[in-house]
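# Descriptive analysis of the structure
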Amino acid sequence: MRGLHADTGYLLYRLGLRSGQLFNACLQESGLRLRHYAVLRYLATTDGALQRELSARLGYDPSAIVGLVDDLEKLGFAERRPSPDDRRSRIVVLTESGSGFLRDTDEAGLRVTGELLGPLDPAERETLHALLLRIAEDGLN
């Protein structure tokens, strides 16, 4: 019988948990969690997104997105605006304060990643990233 650590899926799961724990600890002072950060990071790459788009892209339940965006609005990091394409819809956009928060947390995020990937040399880190990106592009879109 195979050992638990012989299961790649399990290892990915455990590393994901560890990454989330480290990142949430890093964000703790701000009152945000990794899920909030993911919304902000996604919004930083767009001119705004419908909540259902955020749900689909990030893999979060639509009801969770509502609460996350509410939290980000209260902090002034995101806001809902009328959609230019459909006045009945609202898009979520990153505010200047949200952009500033992301800039301020860049270094901390790099530290967390560095801690998690500490056993790997720079070339191995690049290879791992490329492989994970390939899997994510195929399996998460």
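Bear in mind that the values here come from a model prediction, so they are computed numbers and not experimental data. (Residues numbered from 1 in each chain as written. Predicted model: local features only at pLDDT ≥ 70, side-chain atom pairs only at ≥ 80, totals over all residues. Heavy atoms only, no water.)

## Quick notes on the UniProt feature "domain: HTH marR-type" (unreviewed entry) in the protein
UniProt records the feature "domain: HTH marR-type" (unreviewed entry) for residues 5-137 in the present numbering. Here residues 5-137 is 67% helix and 9% strand, with 25 Å between the C-alpha atoms at its ends. (UniProt positions renumbered as here; feature names shortened; annotations may be inferred. Helix = DSSP H or I, 4+ residues; strand = E, 2+ residues; numbered from the N terminus.)

## Regarding the side chain of Arg80
Relative to the assigned elements, Arg80 resides in strand β2 (residues 78-82). A polar contact of 3.4 Å, which involves the side chain of Arg80, links it to the backbone oxygen of Val66. A polar contact is formed between the side chain of Arg80 and the side chain of Asp70, at a distance of 2.9 Å. What Arg80 contacts, discounting residues up to four positions off in sequence, is Gln51, Val66, Val69, Asp70, Glu73, Arg90, Ile91 and Val92. (Polar contact = N/O pair within 3.5 Å; in protein donor to acceptor, adjacent residues only side chain to side chain. Contact = heavy atoms within 4.5 Å.)

## Remarks on the pattern of salt bridges
Scanning the model with the defined rule gives eight salt bridges in all. Of the charged contacts, one joins Arg41 and Asp106 as a salt bridge, the two residues approaching to 2.2 Å between their closest N and O atoms. Separated by 65 residues along the polypeptide, Arg41 in helix α2 (residues 34-43) and Asp106 in helix α5 (residues 96-116) bring together distant segments of the chain. The exposure class of Arg41 is partly exposed, given its relative accessible area of 29%. Residue classification places Asp106 among the partly exposed residues on the basis of a relative accessible area of 36%. Two residues, Arg80 and Glu73, come together in a salt bridge whose shortest N-O distance is 2.5 Å. For Arg80, a relative accessible area of 18% corresponds to the buried category. The network of salt bridges with common partners includes Asp70, Glu73 and Arg80. (Salt bridge = Lys/Arg side-chain N within 4 Å of Asp/Glu carboxyl O. Buried < 20%, exposed > 50% of the residue type's maximum accessible area, 1.4 Å probe, protein only.)

## Details of the environment of Asn24
Its place among the elements puts Asn24 in helix α1 (residues 8-27). Taking the C-alpha atoms as reference points, Asn24 and Glu137, separated by 113 residues in sequence, lie 25 Å from one another. If we ignore the near neighbours within four places in the chain, the residues touching Asn24 are Arg33 and Leu34.

## Digging into the nonpolar core
Counting residues in hydrophobic clusters, the biggest one holds 24 residues, and the most contacted among them are Val39, Leu40, Leu43, Leu54, Ile65, Leu72 and Phe101. At the level of secondary structure, the elements contributing two or more residues to this core comprise α1, α2, α4 (62-75), β3 (90-94) and α5. Among the elements that make up this core, the one with the highest residue count is α2 (six residues). Setting aside anything within four residues of it in sequence, one finds Ile65 in contact with Val39, Gln51, Leu54, Ser55 and Tyr60. (Core = buried A, V, L, I, M, F, W, Y, C linked by side-chain atoms within 4.5 Å.)

## With respect to α5
Here α5 is 21 residues long and its end C-alpha atoms lie 30 Å apart, about the 30 Å a rise of 1.5 Å per residue gives. At Thr105, α5 shows its maximal kink, close to 40°. Along α5, the residues classified as buried are Gly98, Gly100, Phe101, Leu102, Thr105, Ala108, Gly109 and Val112. For α5, the elements touching its buried residues are α1, α2 and β3. (Expected span 1.5 Å × (residues − 1). Bend = angle between axes of the 7 residues up to and from the residue.)

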